[in-house]
Amino acid sequence: MRGGAALSIAYRNSYATRDIDLWNNPSPVFWEACQRARARLQLDVPVSPAGVAQAPHDFESRLLRVAHLGLKRLTVWVPERHDLALMKTVRGAANDLDAIREMHEEAPLALEILIARFHETDVIGSRGMFRLAFLEVVALLFGEPVAQQVAASL
């Protein structure tokens, strides 16, 4: 699970999302279970593999299991906080920046890790735009003077 669903389930409950994005396409057994859950709960939450996702290199080795859901036959994995913050930075929507800020307020993100993962993240499109979005996140989390120092070192 990635994106908004990962934020709301694993990191903070106030983030609202309308769908659940998956990193890969699970087995037919998973999709059958989704259909049964929709029917039983009378909820039609869209669940689908993400068409495009941009994440730091090797983020899959850092996935974290969400254990507090009490599920018996489904294991939910989410990106580690710094990886998820960068995945949301690439997207750059205002609500994503708010989510990153709230995640940081709850448990501070480490600037050094963010910088290292910034360098490991391949993006589709302009690397310069990603750099600007990253510096905006750094300013939001650590202040403008820190963002200026980071900008000089990137």
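Caption draft 1: Up close: a positive patch on the surface. Together, Arg36, Arg40, Lys72 and Arg73 give the surface a local cluster of positive charge. If you trace the backbone, Arg73 turns up in the loop between β3 (64-66) and β4 (76-78). Exposure remark for Arg73: the relative accessible area of 83% places this residue in the exposed category.

Caption draft 2: Here's a closer look at the pattern of salt bridges. The final tally for this structure, using the stated rule, is seven salt bridges. Note that Arg117 is salt-bridged to Glu80, the shortest N-O span being 2.7 Å. With Arg117 in helix α5 (residues 111-120) and Glu80 in the loop between β4 and α3 (81-91), the pair connects residues that are 37 residues apart, well separated along the chain. Asp96 is paired through a salt bridge with Lys88; the nearest N and O atoms lie 3.0 Å apart. Just as Asp96 is buried, Lys88 falls in that class too. What emerges from the salt-bridge pattern is a single network uniting Arg62, Glu80, Asp83 and Arg117.

Caption draft 3: Summary view of the packing of α5 against helix α6 (residues 127-142). Here α5 crosses α6 at 175 degrees, and the two axes come no closer than 12 Å. It follows from the interaxial angle that α5 and α6 lie roughly antiparallel. When α5 is examined against α6, the residues Leu111, Leu114, Ile115, Phe118 and His119 are found in contact with a partner set consisting of Arg127, Phe130, Arg131, Phe134, Val138, Leu141 and Phe142. Across the contact of α5 with α6, the residue classes break down as nine nonpolar, one polar and two charged.

Caption draft 4: Region of interest: the environment of Asp122. Tracing the sequence through the fold places Asp122 in the loop between α5 and α6. Residue class for Asp122 comes out exposed when judged on its relative accessible area of 66%. Asp122 sits 66 residues away from Pro56 along the chain, and the two C-alpha atoms are 6.9 Å apart. With residues near it in sequence (within four places) discarded, Asp122 still touches Gln54, Ala55 and Arg127.

About the criteria used
- Residues numbered from 1 in each chain as written.
- Predicted model: local features only at pLDDT ≥ 70, side-chain atom pairs only at ≥ 80, totals over all residues.
- Heavy atoms only, no water.
- Patch = residues over 30% accessible without salt bridge, like charges linked within 9 Å, V, L, I, M, F, W, Y side chains within 5 Å.
- Areas by Shrake-Rupley, 256 points an atom, 1.4 Å probe, with all protein chains shown as cover.
- Salt bridge = Lys/Arg side-chain N within 4 Å of Asp/Glu carboxyl O.
- Lys, Arg positive; Asp, Glu negative; His and termini not counted.
- Charge placed at Lys NZ, Arg CZ, Asp CG, Glu CD.
- Helix = DSSP H or I, 4+ residues; strand = E, 2+ residues; numbered from the N terminus.
- Buried < 20%, exposed > 50% of the residue type's maximum accessible area, 1.4 Å probe, protein only.
- Axes fitted to C-alpha atoms, helices over the stretch in contact; angles between N-to-C directions.
- Parallel < 35°, antiparallel > 145°, perpendicular 65-115°, else oblique.
- Contact = heavy atoms within 4.5 Å.
- Nonpolar A, V, L, I, M, F, W, Y, C, P; charged D, E, K, R; others polar.

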